[in-house]
2 protein chains.
Amino acid sequence: MVRLCLVVRHSASYKYISGPDHSQHFISFYSKNSIAVYKNGFPMEYRSWFYCIEGCGETYPLNEIIYRCRACGGLLDVAHDMDSLRVRGAAGWMRLFDERYRRTEYPYGSSVWGKKEWVCPAVDDQHVVSIYEGGSNLFWAERLGEELGLGDLWVKQCGNNHTGSFKDLGMTVLVSMVNQMIEEGQDIRGIACASTGDTSASLAAYCASAGIPAIVFLPRDKVSVTQLIQPISHGALTLSLDTDFDGCMEIVQQVAESEGIYLANSMNSLRLEGQKTIGIEICQQFDWEVPDLIIIPGGNLGNVSALGKGFLMMEELGLIDKRPRIVCAQAARANPLYQSYLKGFDEYEPIHAESTVASAIQIGNPVSYKRAVRVLKAFDGKVEQATEDEIANASARGDLTGLYNCPHTGVALAALFKMVEQGEIRSTDRVIIISTANGLKFTDFKVGYHEDRLDGVNVRHGQSPLELPARYDDVVRAIDRVLS
Amino acid sequence: MVRLCLVVRHSASYKYISGPDHSQHFISFYSKNSIAVYKNGFPMEYRSWFYCIEGCGETYPLNEIIYRCRACGGLLDVAHDMDSLRVRGAAGWMRLFDERYRRTEYPYGSSVWGKKEWVCPAVDDQHVVSIYEGGSNLFWAERLGEELGLGDLWVKQCGNNHTGSFKDLGMTVLVSMVNQMIEEGQDIRGIACASTGDTSASLAAYCASAGIPAIVFLPRDKVSVTQLIQPISHGALTLSLDTDFDGCMEIVQQVAESEGIYLANSMNSLRLEGQKTIGIEICQQFDWEVPDLIIIPGGNLGNVSALGKGFLMMEELGLIDKRPRIVCAQAARANPLYQSYLKGFDEYEPIHAESTVASAIQIGNPVSYKRAVRVLKAFDGKVEQATEDEIANASARGDLTGLYNCPHTGVALAALFKMVEQGEIRSTDRVIIISTANGLKFTDFKVGYHEDRLDGVNVRHGQSPLELPARYDDVVRAIDRVLS
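Residues numbered from 1 in each chain as written. Chains lettered and ligands numbered in written order. Predicted model: local features only at pLDDT ≥ 70, side-chain atom pairs only at ≥ 80, totals over all residues. Heavy atoms only, no water.

To continue, consider the overall build of chain A. Looking only at helices and strands, chain A has 17 helices and 20 strands in total. On C-alpha atoms alone, chain A measures out to a radius of gyration of 24 Å, which is about the 23 Å that the 2.2 N^0.38 rule sets for 484 residues. Across its three principal directions, the C-alpha atoms of chain A cover 85 × 55 × 50 Å. For chain A, buried positions account for 63% of its 484 residues. Taking all contacts inside chain A whose residues are at least 6 apart in sequence as the whole, residues at least 24 apart take part in 66%. Looking at chain A as shown, the accessible area adds up to about 17,800 Å², and 46% of this sits on carbon and sulfur atoms. Positive and negative side-chain charges of chain A, numbering 46 and 60 respectively, have mean locations separated by a distance of 4 Å. (Helix = DSSP H or I, 4+ residues; strand = E, 2+ residues; numbered from the N terminus. Rg over C-alpha atoms; globule rule 2.2 N^0.38 Å. Buried < 20%, exposed > 50% of the residue type's maximum accessible area, 1.4 Å probe, protein only. Contact = heavy atoms within 4.5 Å. Areas by Shrake-Rupley, 256 points an atom, 1.4 Å probe, with all protein chains shown as cover. Lys, Arg positive; Asp, Glu negative; His and termini not counted. Charge placed at Lys NZ, Arg CZ, Asp CG, Glu CD.)

Shown next as structure tokens:
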């Protein structure tokens, strides 16, 4: 018979508490901040594995180098042993996560690793590569909310992570897993990706912290030192290949297979395990209350999938008993999900994504389309789209109220404005906008807006310096004019 | 007779604890996270005020619009009633600060306002303008430390604040105080500064959040949309005056006096109260242990002054019983403090600061010189300097190990490297580098470095993309060459 033991050790004395099955339980505090669940005298193991999302039944260990199902070619997701997780109890999880949150015990102070048992229990603490990701501010958008008639509007500042975007939440999981695999003796010589943006920046920083080589493969016309300054600064080996993106991806796959290079591309679902903590953290920051509506920008659709996954996990383990509505916002110039949504998700066609200021979500054939649709269907979901004009103006309008976010936040804000106009949001609703990157990464976009140089954008909130002679009267008159 | 009452109310019952003077004490929890100290039945008031640092005895309330002593023209600092603060006891303060840290009760989750009683108790909670400042990562510089033979090297990421620099720590205090003054009925029409850098960005963001007009005064040749994109985006009124910096300052002073504009310049010491929490937070992040050495870049010298102030306060209230060594690092091209240090601080001469990549500390006549010297003398202090070559190379070297910091961090890193070479740091010392701003604000500097375009810099850690034909063999050969 399995005897589950949880002991509360306080001041060197043990305390028995009653567990969910009314048997005696025994929790041991390894340290101030980690509670171990014992089973038959041994610490509970929380198991996770890859499984094929097409339902063909294939599973693989997380430390296997594999990106697609061997049987049917489907994508892989990470599954967790929910039975073991259920033992602790919802209140126990909430308390554990709260105790660890932003605290001093490495790596549990990270808001991703503070939820380690739900994210990636397979990695030993000493192999975790963490840069204190998560725990970002939920900006209370008081003034913007007032303008919209919303009293409870917040913007989640995922750009307040080490490399300036939400990518850190996932990259810590992937790089930690690879670090463990290397320590276990696997011959992995480096980690590669083919990205010009946030992904390569995040990968390069985590690899540099861990001392694992990072390799960025890109088509030649996508490479400039300015564009890639983050991975370049972190010492990533940046390969500028004389081909287009497809040609580039072909070489990446070949090299990965034969040369012991691990791929950190959008098919690798380890990162989604870290990214799913966004939703858990949001609830945590509201003392475990569920918001009414979350609007998240979407390109490759990994993030909206992860957002849903986090909520489903909380629901399954009893931490919450209702779901937020989830709205995915796309750029009109890169809107395959939106077009499918208009057909009730009954049809889907990849498109050729056009150039958009929301560069990180300029994707015509999102890898996580199926995952995203499943989430949207489960969360009373909706998809909105925004034109270049709407994106840029929404972004600027947000900045005037204290925000300083990326254009992708502008996409989400534009969706918010539409929903408000269409009367789809109650004034008392708690609304969260997910901001995916730091505005400091988008100086060109913001300067372009205020200098009225953006294509297709009719500037409505432009600001510019006021040139004046250095005379007291002129200055006072200008101030009076503006302040009245 | 004064009866001090502190009651611990837990689960609706009151508990008496013994206080520092062994009388019965009574603490009442207003809420989960705030403990009020009662005196004769009324909540303890923590008083703070401005006083003249020249020792002439003048004092002023914090809600008075004043920047210099009326009697002698000296600078003003903020003083706190240490007797009232002493009542709680060191353990009580540590517990209070820890309970609030990054938690959900506004504004105490902010690491500045979580220490409100020490920072600015005069502001009512509902008038605080906070954007969750502080609580930034202490980056464990494991790899850089290994290179240097240091096992306990950390870099405090003050760039992980809302506007990308440490300025937010102080600006929240100033803007909150002004917000309170406006709510109290004072006729303040806006807040002004004359800065092209982090200060104007921070001021503009906090003002935008609060709905208070921000005004930035600058000489015409210092104004470009790119340089000022943060305040411009936040809607600050940016006045580009046809004069030089001195002429600009003259008009600022005039306008401030007559037009009800509050000055957020470097003479205003309210910001130092927020900035001093850096040191307190660092100790907090080490479970209240004091590091051995802190290296901080210095320009106007407010930050090093504030750093010292935080430690002195902790010492006076019994939280710590030793002091770190504090080293201030200057750019060689803007090194008035360093030159004075070489003369044992017996002489001081302002200089004309030359252009340096460490632009934020390009100051020839630092406002807080006297404050800084007092701190350095009290903290076994030292001043180091770094050339452009040393700054840029140190910065790049740090980035290769996962950091992504501003050139000012490069100044501090360069100072660290010198001290290591000179054998001034033990391998077991806990060393903290204060990074003052986010590297994302310094793309030009980093691109300039890796493209070898920086004046006076002999690039030693330059990285660049590798151009290759899109052929498998060429790619593999390149990878092998680099990874071996």
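Okay, back to it.
Mapped onto the elements of the fold, B:Gln180 is located in helix α5 (residues 167-183). When sequence neighbours within four positions are dropped, the list of residues in contact with B:Gln180 reads B:Ala122, B:Val123, B:Asp124 and B:His127.

Residue and element names in this part refer to chain B. Counted by the stated rule, this structure contains 62 salt bridges over all chains. One salt bridge in this structure joins Arg453 and Glu451, with 2.8 Å as the shortest N-O distance. Judged by relative accessible area, Arg453 falls into the exposed class, the value being 53%. (Salt bridge = Lys/Arg side-chain N within 4 Å of Asp/Glu carboxyl O.)

Each partner contributes to the interface: chain A provides 85 residues, whereas chain B provides 85 residues. Of the roughly 7,100 Å² buried at the junction of chain A and chain B (both faces included), carbon and sulfur atoms supply 64%. One can count 4 salt bridges joining chain A with chain B. For B:Glu467, the salt bridge goes to A:Arg220, with nearest N and O atoms at 3.9 Å. At the junction of chain A with chain B, the criterion picks out 30 residue pairs in polar contact (both at pLDDT 80 or more). (Buried area = accessible area lost by both parts, 1.4 Å probe. Polar contact = N/O pair within 3.5 Å; in protein donor to acceptor, adjacent residues only side chain to side chain.)

Side chains of A:Asp221, A:Asp244, A:Asp246 and A:Glu250 sit close together on the surface and give a patch of like negative charge. Given a relative accessible area of 60%, A:Asp246 falls into the exposed group. (Patch = residues over 30% accessible without salt bridge, like charges linked within 9 Å, V, L, I, M, F, W, Y side chains within 5 Å.)

Turning our attention to the relation of the copies chain A and chain B. When chain A is fitted to chain B, the best match, at an RMSD of 0.0 Å, comes from turning it 180° and sliding it 0.0 Å along the axis. In symmetry terms, the pair is related by a two-fold rotation axis. Interface overlap between copies is the fraction of interface residues in one copy that are interface residues in the other; for chain A against chain B it reaches 100%, indicating a shared surface. (Least-squares fit on C-alpha atoms with pLDDT ≥ 70 in both.)

All names here are of chain B. Pairing is mixed across the open sheet formed by 6 strands, whose spatial order is β10-β11-β19-β16-β17-β18. Unpaired on one side and paired on the other, β10 (138-140) and β18 (382-386) mark the two borders of the sheet. Direction aside, the axes of adjacent strands within the sheet are offset by 25° on average. Sheet topology note: the strand β16 (residues 293-297)/strand β17 (residues 325-331) ladder contains 5 bridges and is parallel. Among the inter-strand pairings, Pro297 is bridged to a residue of β17, identified as Ala329. Sheet strands in contact with helix α11 (residues 302-316) are β16 and β17, and its direction is about 150° off that of β16. (Pairing = 2+ DSSP bridges. Axes fitted to C-alpha atoms, helices over the stretch in contact; angles between N-to-C directions.)

A word on the nonpolar core. A:Phe217, A:Leu416, B:Phe217 and B:Leu416 are the most contacted members of the largest nonpolar core, which has 297 residues in total. Not counting residues within four places of it along the chain, the set of residues in contact with A:Phe217 comprises A:Ala192, A:Cys193, A:Ala194, A:Ser195, A:Leu239, A:Leu241, A:Cys248, A:Ile251, A:Val252, A:Val255, B:Val475 and B:Ile479. (Core = buried A, V, L, I, M, F, W, Y, C linked by side-chain atoms within 4.5 Å.)

What follows deals with the packing of α5(B) against helix α6 (residues 198-210) of chain B. Residue and element names in this part refer to chain B. Interhelical geometry of α5 versus α6 gives an angle of 45° and a closest axis separation of 9 Å. One element, α5, and the other, α6, form an angle in the oblique class. Where α5 crosses over α6, the two elements pack in a sense that is right-handed. Every residue of α6 that contacts α5 at Lys167, Asp168, Met171, Thr172 and Val175 is listed here: Asp198, Thr199, Ser202, Leu203, Tyr206, Cys207 and Ala210. Of the residues belonging to the contact of α5 with α6, the class tally is 6 nonpolar, 3 polar and 3 charged. (Parallel < 35°, antiparallel > 145°, perpendicular 65-115°, else oblique. Left-handed = near helix turned anticlockwise from the far one by under 90°. Nonpolar A, V, L, I, M, F, W, Y, C, P; charged D, E, K, R; others polar.)

Looking now at the sheet that holds strand β15 (residues 261-263) of chain A. With respect to topology, 5 strands assemble into an open sheet ordered β15(A)-β12(A)-β13(A)-β14(A)-β20(B), the strand pairing being parallel. Both outer strands of the open sheet, β15 of chain A together with β20 (466-469) of chain B, are each paired with one neighbouring strand and no more. Neighbour to neighbour, the strand axes of the sheet diverge by 30° on average, direction disregarded. Here helix α5 (residues 167-183) of chain A sits on the sheet and contacts β12 (190-193) and β15 of chain A; the angle it forms with β15(A), its principal contact strand, is near 150°.

For the rest of this paragraph, the subject is the side chain of B:Thr356. Along the chain, B:Thr356 falls in the loop between α12 (336-342) and α13 (369-378). Given the relative accessible area of 7%, B:Thr356 is considered buried.

Another aspect to go through is the pairing of β17(B). Residue and element names in this part refer to chain B. Judged by how many residues are buried, β17 sits mostly within the fold: 6 of 7 residues are covered. Traced from β16 through α11 to β17, the parallel crossover comes out right-handed. Here β17 runs beside β18; their pairing, made up of 5 bridges, is parallel. The partner of Ala329 across the bridge, within β18, is Glu384. (Right-handed = clockwise from strand over helix to strand, strands pointing away.)

All names here are of chain B. Inspection of the secondary structure puts Val178 in helix α5. Sequence spacing of Val178 and His127 is 51 residues, and the spatial spacing of their C-alpha atoms is 9.1 Å. Once residues within four sequence positions are removed from consideration, Val178 is found in contact with Ile188, Ile191 and Tyr262.

Here the focus is the confidence of the model for chain A. Residue and element names in this part refer to chain A. The predicted model of chain A has a mean per-residue pLDDT of 91, with 91% of residues at 70 or higher. Across residues 1-35 the pLDDT falls below 50, and counting only partners more than four positions away or on other chains, this stretch makes 84 contacts in the model. Reported for the predicted complex are a pTM of 0.92 and an ipTM of 0.91. (pLDDT = per-residue confidence, 0-100.)

In this structure the tally under the stated criterion is 24 aromatic pairs over all chains. Their ring planes at 70° and their centres at 5.8 Å tell us that A:Tyr67 and A:Tyr262 sit as a pair that is edge-to-face. With a gap of 195 residues between them, A:Tyr67 in the loop between β8 (59-61) and β9 (76-80) and A:Tyr262 in strand β15 connect regions that are remote in the sequence. For the residue pair A:Tyr67 and A:Tyr262, the accessibility class agrees, reading buried in each case. Among the aromatic residues, those joined into a ring-pair cluster are A:Tyr46, A:Trp93, A:Phe97, A:Trp118 and A:Trp288. The positively charged end of B:Arg88 is found above the aromatic ring belonging to B:Trp93, 4.4 Å away from the centroid. (Phe/Tyr/Trp six-rings, centres within 6.5 Å; stacked < 30°, edge-to-face > 60°. Lys NZ or Arg CZ within 6 Å of the ring centre and 35° of its normal.)

Here we come to the state of the cysteines. When the sulfur atoms of two cysteines share a covalent bond, that bond is a disulfide. Tallied over the full model, the rule gives 0 disulfides over all chains. Free cysteine A:Cys283: the closest other cysteine sulfur is in A:Cys158, separated by 14 Å. Residue classification places A:Cys283 among the buried positions, given a relative accessible area of 0%. For the unlinked cysteine B:Cys120, the closest cysteine sulfur is that of B:Cys207, found at 16 Å. (Disulfide = S-S within 2.5 Å.)

Moving on: helix α15 (residues 407-421) of chain B. Residues and elements named next belong to chain B. Over its 15 residues, α15 extends 21 Å from the first C-alpha to the last, a length consistent with the 21 Å expected when each residue adds 1.5 Å. Taken across its 15 residues, α15 has 13 buried, putting it largely inside the fold. Within two residues after α15, Gly423 carries a phi angle of roughly 70°, on the positive side. (Expected span 1.5 Å × (residues − 1).)

Time to look at the environment of A:Ala90. Residue and element names in this part refer to chain A. By secondary structure assignment, the location of Ala90 is in helix α2 (residues 90-100). Assessed through its relative accessible area of 16%, Ala90 is described here as buried. The spatial distance from the C-alpha of Ala90 to the C-alpha of Ala353 is 43 Å, given a sequence separation of 263 residues. Leaving out residues up to four positions away in the same chain, Ala90 has contacts with Leu317, Gly318 and Leu319.

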